[in-house]
Amino acid sequence: MFTSQTSSSSFQDSIDVEERDDFDSEEISGYSNKVQLNSYYTIYLYQGTRSEASGENVSWNQRRADSTTSQEDFSLTLVDSSLPSEAEPELRTYISRRLSKGALLGGMGNIATVELSIPEQAVGCYCCLLEQERSPDQPEADGNGYVICFMGGSEKGLNLFRLELDKYVQGLHSSLQTPELQNLETEVRPYLSRWFEESVMHIYRVVQLVQSNISYLLHAALSHTHVEVSNSDEKTKADVSRFIKAASLQGLSQQESTTASLCKAISEDTQSDLLIDCSTSPPTLSNTVGNRFCDDWIQAFLNAADRCNPFLLRQILENFKLKAIQDMNSLKRFVRQAEMSHYALFRCCQFLQGCGNGDVLLQNARAEHSDLPEACSIITVLEEFLREQSQAQA
């Protein structure tokens, strides 16, 4: 359970992430003045030296002898790279050291800072070993595969997108069938070239698309509301879907069955869908529901988008979720106390009134306490309190 933060100062600290040292101009170079960050990729063929190689593989490796680094039990051969020619051998040396220490496990991405002969000098580097399936005839043979490297931003920035990068690399599996990679120019290279655009920039594109209406998407994510996008291309639909998933607390809840039942109950009410019509510019949103809590984060998202900083946007999104979780934990504690104390019930009302996210918190609390009659009665009182407050302010 996260530590609760209920004071206004702590809430402002959550929003003002751009003032912290976590994402200053040194950590994310190239973004402070709206300068496009350079991104790079490299792919290597990894071969266990004790594995039997076909004649084709041998001749292919001989043709690429200058681009091969050999260790005692493996070789690493350059297949393709967007790095400057002087920087690639430096990266290959670094990857070879990681492999010799067993620091790269098959299918699991690793992120670190590397120093290369590029304008940024020190950048974040994501690398992943994709092992080919071993033959049933030689299950103990050393495996072959590919090492995929993505470079850009900072180590801290790339760590925020680890799940997206892992998923993107796995999408290469079907394209990496033979060492010769006859589909290098038609499939592999274009796919690798798009890694930054596809894995990192989607949150930025959504904020740019909806602008100040981002608060409605944040509310939809917290309340498990379905979002429908119309009159747009598939990329925009995918971006919005990924944003909602990234902003959602699903998967973080202590009661997954509660979250699932809540999602099902809301999805059955089609009238509650948030509709985004992209036939106009800016898009038109219908069935919008928001609250003060989500509105308070609008400017932080817009400021980060104006600075073209996708890493800062992701950190703000993570802080948004963290604050929502902290408030949910606070409400749970207040509800338990309110079962035994009228004063605690009063404090609970004050908390809901002050946090600006009472509708979402009570929605989740009711779903989680559905089998606890006393807690449900407390939540009913709190819901009536919020309705009265809303009507008084209308």
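None of these values were measured; they are calculated from a predicted model.

Student: Can you break down the overall build of the protein residue by residue, with the values?
Tutor: Assigned secondary structure in the protein consists of 17 helices and 9 strands. Taken as a whole, the protein presents about 19,400 Å² of accessible surface, with 46% of it coming from carbon and sulfur.

Student: Account for the sheet that holds strand β9 (residues 284-286), naming residues and giving values.
Tutor: Strand order in this open sheet of 3 strands is β7-β8-β9, and the pairing throughout is mixed. At either end of the open sheet lies a strand with only one pairing partner, and these are β7 (227-230) and β9. Strand-to-strand twist of the sheet, defined as the mean angle between neighbouring strand axes without regard to direction, takes the value 20°. Relative to β9, strand β8 (residues 274-277) runs antiparallel, the two being bridged by 3 bridges. Bridge assignment links Ile276 to a residue of β9, and that residue is Leu285.

Student: Please set out the sheet that holds strand β5 (residues 122-131) residue by residue, giving values where relevant.
Tutor: What the 6 strands build is an open sheet, ordered β2-β3-β1-β6-β5-β4; its pairing is antiparallel. Bordering the open sheet on either side are β2 (68-70) and β4 (110-115), each of which pairs with just one other strand. Shown here is a sheet whose adjacent strand axes are inclined to one another by a mean of 25°, direction ignored. Summarising the sheet, β2 and strand β3 (residues 74-81) pair through 3 bridges and their orientation is antiparallel. Directly across from Thr68, in β3, lies its bridge partner Thr77. Its contacts with the sheet place helix α5 (residues 162-170) against β4, β5 and β6 (145-151), and it is angled at close to 45° to β5. Against the sheet, helix α6 (residues 184-193) engages β1 (40-48), β3 and β6, with an angle of about 120° to β1.

Student: A description of the pairing of β8 should follow, citing residues and the corresponding values.
Tutor: For a regular strand, side-chain orientation follows a simple rule: the groups alternate between the two sheet faces. Only one face of β8 is buried, namely the one carrying Leu274 and Ile276, since none of Leu275 and Asp277 on the opposite face is buried. Sheet topology places β7 next to β8; 4 bridges connect them, and they run parallel. Note that in β8 the partner of Ser230 across the bridge is Asp277.

Student: I'd love a proper account of the side chain of Ser199, names of residues and values included.
Tutor: Among the structural elements, Ser199 can be located in helix α7 (residues 195-199). Using a relative accessible area of 1% as the deciding quantity, one classes Ser199 as buried. With sequence-adjacent residues up to four places away left out, Ser199 is seen in contact with Phe161, Glu164, Leu165, Tyr168 and Arg242.

Student: Can you lay out helix α8 (residues 202-210) for me, pointing to particular residues and giving the numbers?
Tutor: Count 3.6 residues to each turn of an α-helix, and residues three or four apart come out pointing the same way. Extensive coverage of α8 is indicated by the burial of 7 of its 9 residues. When α8 is considered as a whole, its buried residues turn out to be His202, Ile203, Tyr204, Arg205, Val206, Val207 and Val210. Taken together, the buried residues of α8 touch α5, α7, α9 (214-222), α10 (234-247), α13 (298-306) and α14 (310-338). Directly after α8, the chain includes Gln211, whose backbone phi takes a positive value near 55°.

Rules used throughout
Residues numbered from 1 in each chain as written. Predicted model: local features only at pLDDT ≥ 70, side-chain atom pairs only at ≥ 80, totals over all residues. Heavy atoms only, no water. Helix = DSSP H or I, 4+ residues; strand = E, 2+ residues; numbered from the N terminus. Areas by Shrake-Rupley, 256 points an atom, 1.4 Å probe, with all protein chains shown as cover. Pairing = 2+ DSSP bridges. Axes fitted to C-alpha atoms, helices over the stretch in contact; angles between N-to-C directions. Contact = heavy atoms within 4.5 Å. Buried < 20%, exposed > 50% of the residue type's maximum accessible area, 1.4 Å probe, protein only.

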